[in-house]
Each structure stands twice: as C-alpha cells, then as structure tokens.
Amino acid sequence: MKSLATPNPPTSSLIRRRPNLPVLLLVSRQTRRCPIRTRPLRVSCNHRSNDNGHQAEQKPQQQQQQQRKAYPFEEIEPRWQRYWEENSTFRTPDDVDTSKPKFYVLDMFPYPSGAGLHVGHPLGYTATDILSRYKRMQGFNVLHPMGWDAFGLPAEQYAIETGTHPKVTTMRNIERFRSQLKSLGFSYDWDREISTTEPDYYKWTQWIFLQLLKRGLAYQAEVPVNWCPALGTVLANEEVIDGLSERGGHPVLRKPMRQWMLKITAYADRLLEDLDDLNWPESIKEMQRNWIGRSEGAEIQFHVLGSDGKDHDVKLSVYTTRPDTIFGATYLVVAPEHSSLPSLVSDPQRRCVEEYVELASRKSDLERTELQKEKTGVFSGSYARNPASGESIPIWVADYVLGSYGTGAIMAVPAHDSRDHEFAVKYGIPICTVVTPVDGSRNDLGEPYLGDGAIINSSNLNSGLNINGLFCKDAASNVIHWAESTGHGKKKVNYKLRDWLFARQRYWGEPFPVIFLDDTGEGVALPESELPVTLPELDDFTPTGTGEPPLAKAVSWVKTVDPSSGKPATRETNTMPQWAGSCWYYLRFMDPKNSESLVDKEKEKYWSPVDIYIGGAEHSVLHLLYARFWHKVLFDIGVVSTKEPFQCLINQGIILGQIEYTAYRGKDGELISADSVDIVGEHHQEQVPVEKVMRSGDYYVLKDNPSIRLTARAHKMSKSRGNVINPDDVVSEFGADSLRLYEMFMGPLRDSKTWSTSGIEGVHRFLGRVWRLIVGSPLHTGLYKDGTVSVDEQPNFEQFRFLHKCIAKVTEEIEGTRFNTGISAMMEFTNAAYKWDNLPKSIVEPFVLLLSPFAPHMAEELWFRLGHSSTLAYEPFPKAKDEYLKDTSIVLPVQINGKMRGTILVDEACSKDEAFRIASEDEKLSKYIDGLTIKKCIYVPGRILNVILEQQKVGKR
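Along every chain, residues carry numbers that run from 1 in the direction the sequence is written. Predicted model: local features are reported for residues with pLDDT of at least 70 only, side-chain atom pairs are reported and counted for 80 or more only, and whole-chain, interface and lining totals are derived from all residues. In computing side-chain values, all of the structure's heavy atoms are included and hydrogens and water are not.

Under an unreviewed UniProt entry, the name given to the chain is leucine--tRNA ligase, and the source organism is Acorus calamus. UniProt positions are given in the numbering used here, feature names are shortened, and annotations may be inferred rather than shown by experiment. In its Catalytic activity (unreviewed entry) section, UniProt records this for the chain: "tRNA(Leu) + L-leucine + ATP = L-leucyl-tRNA(Leu) + AMP + diphosphate". Quoted verbatim from the Sequence similarities (unreviewed entry) field of the UniProt record, the comment on the chain reads "Belongs to the class-I aminoacyl-tRNA synthetase family."

Next up, the structure:
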C-alpha cells in the first residue's frame, strides 16, 4: 500500500483499522512525528502562548497583516488530496453490502467549458460533498460520482474557428475541470468518472433511442425549425434571442426540415401527475406544470366563407379553453405557418401576408408569445362564420398564435382575453362583452374582463344555442354538448408540451443508429449488435451550407450496407442533441463499466432513485423533463425499478460578483447624487473603488463627499464584466477549506449571494483560530510542534455541554442543508473553548469530526495529530447526548462579605470551585475580589455564593 511518506519516514508498522480502509503510518505517541512530511509545518505569522499551552491571540502589526496565512494549508491540502487519491479513500465498491442504507447524492452534469470553474460552480459541489462525507460517517453506502456532459456546440464552433478537433478541446477542458475539482477536496469516486463523448457511454444512449424507435416514440416529421445558416444547425427556442443565435449572434430563420422527434407528449399526463410525489421546490414543479400546460376545452369548427358570403366545404378548426365565450368571438387568428393559410389568403392580400410570414419566420416561439411584445398581424382577406352567433367574422394572420399549439388557429374573444383585446384595439376589430361579474361590480374601463361570472349576449335561435344567465363553467359544458350534438365540434384535452425535436445538424454529437436503404429510402434501425455507431474522423467541421450536416462529408462512413439484407444504404447524418447523454447518466454511475447492459438490475434496484440532486434552477424545465420522460420509458420496459429518477431536488443560488459602486456626473462634469439622476437628465457613469466608499444608513456614499449617494449593485459573474473570480486564485491565497467554508457560510444554500473578499478572509481567520486552538501557537521560528495541545483529562460538565450542543446543532443543520448556521455553531464552540483552562482530547476529537465534512483537509491533519493512524472519512459521526442538551442553567446570587453584589449564570450542578471561578471572572464582581485575600467561600448549591474576605483588607472600592 502506498503511503504519503516522503523519503526516510519514521520506522513503524502498517495497521488496518477496518477492511478496505486506507491508513497512515502509525507512529509513537511520544514522538508525534507525521509520516507524511519530513519537516515541521511552517506558518508565516507570530503568536505567543500562555503557560497552559493555549495561545493568547496577539494583534499583528499593520505591516505584517498582508499576505498572512492563518495556518499552513499550502502544505496540508496537497498532502491529503494525494493520500485520498493514492488510497482510493472515496471509492464505492462495485459490490456493496446491501444490508446497509444507501445515499446517492448527485451534482447536475457539468459541461466542461474552456473557461474552467469560477467560484459559483463549487457552491453546489461543496453542498453535495458535505452531505456525502456526513452520510459516510453515519454508516451509509454513499454514491457520489462525477462526469462530463461533453458533447455540444461550443467545442464544435471552436473546432471550426481553429481547426482543433472537438475531442482534443473536450479532453483538455475535462482535464482542467477535473484538476480544479480535485484541488477543492471533493470526495468523488473518480473510478466511476464518465463522459458522454466516449463510445462505451453513448453506445447505451443509442440503445435507448432504439427502444424509443421500437415503441413508436421516435419518428421523423417535417417541422418548422430554427435554422441558423452560419452555425449550420437547428437551434432550440431557448438558443434564439431576438431572431439571432445566442452563440455568435447569427441570423436565425424558421424553415421546414425533416427531423427526428421524440413523442414526449405520450407521457404528458404521467409527467404531470407524478410531480406531486416529488420532494422538489414548488416553484420548479409549477414551472414543469406550466410547460406541460394541460388544459381542457373544446375544438370547434368554423366554416370558411366564399366570396359570395356562403359557407364552403372548407372548415377551420380552432381550440379554445373558453367555449363559454363563443358568442364573443369577433375574429379568428391563424398562425403564419398554418398549413391551410395559402388557401385562405385572397389575391389582394397575398403579398402582404407573404411578407408577414417571412418576418415571422425569423422569430423564435418564445419571442412570438412574449406577453410584453407588441402584437402584430395582417388580414387574410377571408371570413368565417361563427357557428353560434351566425355572424361573419374576419380571419387574421398573427404570430402570437403558434402552429405547434392546439390546431394552429384560435377564436379571438377580445372582451375577455388580454392579447386578443390588444390586437382588436390596434386593428379596430369589434369587441363584444359576453361575461359579466355576478355582483355587477365591474366598471367599464376599456380593459378586458378575465374573471368568471354570468353569461350575457349569448343566444341565437337559428343555431339553437342559448346560454344567457348561466355561470361560465355550466355555459362551457352546454356549448360542448351543443357542438358535439350538431357536429360543430367536440370536447378536447390539449397540452402546450410539444414533441421533442431530437436532431441537430452538428458533428460533435451522438450518431443515430439508423440507416436508409438506397433503393426505397426506407429507414432501418441497426441491430443492437452494431452498437456503438462511432463518429468518423473529420478534418472539416464547417457547415455544408445546404442544410446537410457536417457528417455528410464523411462519404466513406455515410455509404454503408444494411447488415440484415446486405442492401446498399446511407447512414443518418444528423446527430443527437446535447440533452441526450444527460438524460440517463445518473443510471450509468451505478454501473459504469458494464459492457453487457445499460445498468445491472440489482445495482439499479439498490441505488435508485437519486436521493438528493443539486443544480441550478436554469435546468428546471428541459433537462429535468427530458430525463423524467426517458426514465418513465425505461421503467415501462423494465430497465429501472422506480417511476422517477430524482426524489429530492435542491436548486442552489447564484454567487454574484463583488458589489460594484457607481457614481454619476452631469454633462458639466460635476458629481450628481444617485437619487437626483432622473431629475438631472443627461449624465454619465463611472466606477468607484471600494476604498473610496462608506455606508451611510441604508445607502452608500463617497467618503470624501458624503452628500453624493452611489448606486451599489452586484452582477452575475461574466467575462465581459471582468468580475469573474477564479477558484484557483482563492485556493492559492486562502486554501480550499476556506473557500468551501466561505461558500457555505455566505448564506442559505438556495439563496443568491454576493462574493466578498473580506468575507473569505474572516472565514480563513476562523480556521486559523481552530488550528491554533488545537495545535497551539507556532514557535518563534514560525514552525508548529507535532501533535496537539489537548490533554488526557476528564472534561467538566460545561465542556461537555458546549460540545453536545454543537453536535446537535451541526447535525440538525446538515440534515436541513442549512450549512451556514451549522458553521456558526462551530464558531460559537471555538469561542467558548478559547476560555477554558484545558482542552480535553475527548472534547477535541468529536469537534474535529464535526468539522470534517466542511473543512476535510484541516480535519484530517488534526485527526492524525491526535494520534490516529487512518483517515477519519469513515469514523462514526458524533451523536449528541440528551443529558447535556437540557438547559439547566440557573441565576446564582453572589454576596461579598454578606452583601449582595451581583449574580452569575451557572449550571445547577455547578461545584463550589466552578461557581467561584465564574464569579471571579465576572467583570462586575471581580472588582470586589481582585488582589484581596479570600478567607472562605460559603456555597449553597442552587441558592447562593458568599465570598468572605479578610476584614482588615476591606476598603472602599
């Protein structure tokens, strides 16, 4: 077994404390020599010690304060990281003892970008690491893996720009990410590391696609897509902003293309219903419900009128969730991409409509449906008959209606819908009120009425429909019944959720396991024995410009033979989207080396579901929805044993850059107070360094001119703002434990927080205090003695009480993921311990174990110095004892020579000596005792302490 010993370590034997647990060299308790270093630890600061070995902290001189390290983390942290790696300390065995409880904690799959980590990334990673270390110490089998969601457009774009193969870029980025994560001491099982770009992994992504294809859940369709000619690929709606690609700012067009689709809509109801059983933030569940968008309504047929005003055979089907308002429908709207639009447009309007359709094709669905956007449209030149009222109403074309939702056409009721009202007012379309509040409270303010009420103006003898006086719900039911009985429509359940567009015109993605026969064009799924279908090597990744993907350039790869029939065939040249590999990676972590199946059934049954899943809220819809969809398919075919993949979801907040202070100057160059900027008008801004700023009440002002108020704002970290904090720099200056502890101490895990360099300095000082409390002060040379200053003495009741209150609080706060208040409890314990006369080892050891999930490097070093030969990673986590948690404090009156002089707070079981010690340290009472001779102390437990002084020395004090 490897040790971390440098050459010529002290002689000792190897001892194992439990099976498979790596150990350090056990050394003599007398020599206390650390086997993993050859020289004493050095620190660049001075302290002095008092007689009993505890240091009296000394204020450093101003000129020495800069560049001070509170403890020798630069030696401690690399040593323990080396030890953990060489001894595979955190490896989860392939075959675990399944009689033990399991804990599967997972970070959302990171994309390894070229920029590496910034300090916002470790926030969630530190949280999962604390939980992992805590659960290991509680005896759980812990699965805490890490891997890489490494396919994607950024690496391919870089390849196009530089000629560097995406695989080279990706591997380099992974190396950097891995190195940074290891430098922070995260207890990942690196033996389970996976990357979506490895054929051994995407073989099973392809296998899942084949299962979807077999069950009719994967199909090809001609659909309008966001096509970016410059990037040469189809973009998701979220990747298009104001008609331009999010990456590169290139123009994006809407264009019909034959694409692979996944039928996620077949699982819409289950995706909706099963949300109720998940321990997820309610806001995230609501976002998923809204994205699925289940609604009940009616599909109603409107006859299109000919130029003679008579009904033609052409019908326009609309979907509405408010059939009760049918008499208020004064116009219809069809989407620009509606399949029947060409036949609806009159010749005089054709040019206007075609121009409008072209403009609409440049917008994403998100832009078109944004409520704040001004509504636009154009008249088609045609009319339809309202089947309820019998009136002729115009048919308009407008991009706020999507061809992918419902039927791609709506009946517009401007009196009772905000978008329809805005549109009708703009284009002078009639507005007919058909719903009024029951209490008649509505004032006509020219705004649509969106609430429930009684139906009015809704009767027509010719159509046979009269719903006047009915409440909205009853009226809707009557309209649906009328429509079904007359052939004008039917009841309909609809979803906003669309089938998943599952193809990209990219090179750097998973190839589809599908070929097309040359003679018939028929698509054929490859047999599973042919997997994985690997990417061919390419030198040219640039878009073809024709819409064909870059893979079409690999001619020798594209031209193939059907393995079943031997017929010539052509491979699918689209690749899967980046979402594909991240839909199921949590399963592969359970069994990453399995070449025979996606995951072993017994391992999946033991580890599923993921107990805690931590990541950003930006993935709250698509990634989680897609992963849930695939999981349910795998559940249906017997691959997994649970209905849902992630039982508990936690969204960590964002770490914003440091606060930026802004001053304002008028056009004459004079400073303007921030509260006067709107009045002054023309002005410009300038950044103010923090050293020139001070707080004044609720505001920030200039130190030199407090009448000038500044604006203070923290922004999201970004290269363009220059406010990115590199964790490598923080670790170099303060250490990984300080960074970990600070990110947890900044505030609640789920809240957004602002980075502050002074904040991490404070946490670093706390760790320095812990180090000196246990190890002692450095010698005059700056070196620390081996071992600790702890003593083998029985703790007193007060020490036990402080310890067990700390244990109880830290345990409770870890369980509740309230890490900041858990750290506060350890700070309170440290403050109390500095006041003790001695430091019993039986108090120190549990405290070090409490600290270890948060600051593992320091804790391991202290544990070793306390005489332990093996890692503390699997030591039992301390448990609080109830007898020390009860508040047994009482107020004890204190007399001096029989005269009441004050009170002290003591435990009800306090001894006489302890009571006198507390009294003598009390600021008010000590002035009566200091320097005087004590004759005797009379102590009645729980009642009184009377200190009798020599009478001849009593004077007026």
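Additional details are given in the paragraphs that follow.
Colleague: An account of the pattern of salt bridges is requested, with residue identities and associated values reported.
Modeller: By definition, a salt bridge exists where a carboxyl oxygen of Asp or Glu is found within 4 Å of a side-chain nitrogen of Lys or Arg. Enumeration according to the criterion identifies 43 salt bridges in this entry. The closest approach of N and O atoms between D611 and K102, which form a salt bridge, is 2.8 Å. On the criterion of sequence distance, the pair formed by D611 in the loop between helix 16 (601–607) and strand 28 (612–615) and K102 in strand 3 (residues 102–107) is long-range, its members being 509 residues apart. Exposure remark for D611: the relative accessible area of 22% places this residue in the partly exposed category. Note on classification: 1.4 Å probe, protein chains only; a residue is buried when its accessible area is under 20% of the maximum for its type, exposed when over 50%, partly exposed between these limits. Residue K102 is classed as buried on the basis of its relative accessible area of 15%. A salt bridge links K603 to D591; the shortest N-O distance between them is 3.2 Å. Of the two residues, K603 is situated in helix 16 and D591 in the loop between helix 15 (585–588) and helix 16; the sequence distance between them amounts to twelve residues. Every helix listed is a DSSP run of H or I at least four residues long, and every strand listed is a run of E at least two residues long, numbered separately from the N terminus.

Colleague: Explain the state of the cysteines to me, using residue names and the numbers behind them.
Modeller: We call a pair of cysteine sulfur atoms a disulfide whenever their separation is within 2.5 Å. Counting across every chain of the model gives zero disulfides. Not part of a disulfide, C472 finds its nearest cysteine sulfur in C432, a span of 14 Å. By relative accessible area, C472 is classed as buried at 7%.

Colleague: Tell me about helix 11 (residues 418–427), residues and numbers included.
Modeller: Listed as buried for helix 11 are D420, H421, F423 and A424. Taken down its axis, helix 11 places every buried residue within 165 degrees of arc, on the same side. We call two residues contacting when some pair of their heavy atoms lies within 4.5 Å. Along its buried surface, helix 11 packs onto strand 14 (331–334), strand 15 (377–385), strand 16 (392–398) and strand 17 (409–412). Two to three positions downstream of the cap, the backbone nitrogen of R419 sits 3.1 Å from a side-chain oxygen, assigning the N-cap of helix 11 to D417. Taken from the residues just after helix 11, G428 is the one with a positive phi, measuring 65 degrees. Directions drawn from the helix axis to the C-beta atoms are what define this arc. Polar contact is the term for a pair of N or O atoms within 3.5 Å; when the atoms are in protein, one must be able to donate a hydrogen and the other to accept it, and sequence-neighboring residues count only if both atoms are side-chain atoms.

Colleague: An account of the sheet that holds strand 23 (residues 500–501) is requested, with residue identities and associated values reported.
Modeller: What holds strands together in a sheet is hydrogen bonding between their backbones, with the strands either parallel or antiparallel. With respect to topology, four strands assemble into an open sheet ordered 8-7-11-23, the strand pairing being antiparallel. Looking along the sheet, the strands with just one partner apiece sit at the ends: strand 8 (233–235) and strand 23. Pairing between strand 11 (residues 253–262) and strand 23: two bridges, direction antiparallel. Considered in strand 23, the bridge of M261 is made with L501. DSSP-based pairing: two strands are paired if at least 2 bridges between them are found.

Colleague: I'd love a proper account of the sheet that holds strand 27 (residues 568–571), names of residues and values included.
Modeller: Strand order in the open sheet formed by four strands is 25-24-27-26, and the pairing between neighbours is antiparallel. Strands at the two margins of the open sheet, each flanked by one partner only, are strand 25 (523–525) and strand 26 (559–561). Neighbour-to-neighbour, the strand axes of the sheet open up by a mean angle of 45 degrees, direction not taken into account. Inspection of the sheet shows strand 26 paired to strand 27 by three bridges, in the antiparallel sense. By the bridge assignment, T560 is partnered in strand 27 with A569. The angle between two axes is taken between their N-to-C directions and runs from 0 to 180 degrees, where each axis is a line fitted to C-alpha atoms and a helix contributes only its stretch in contact.

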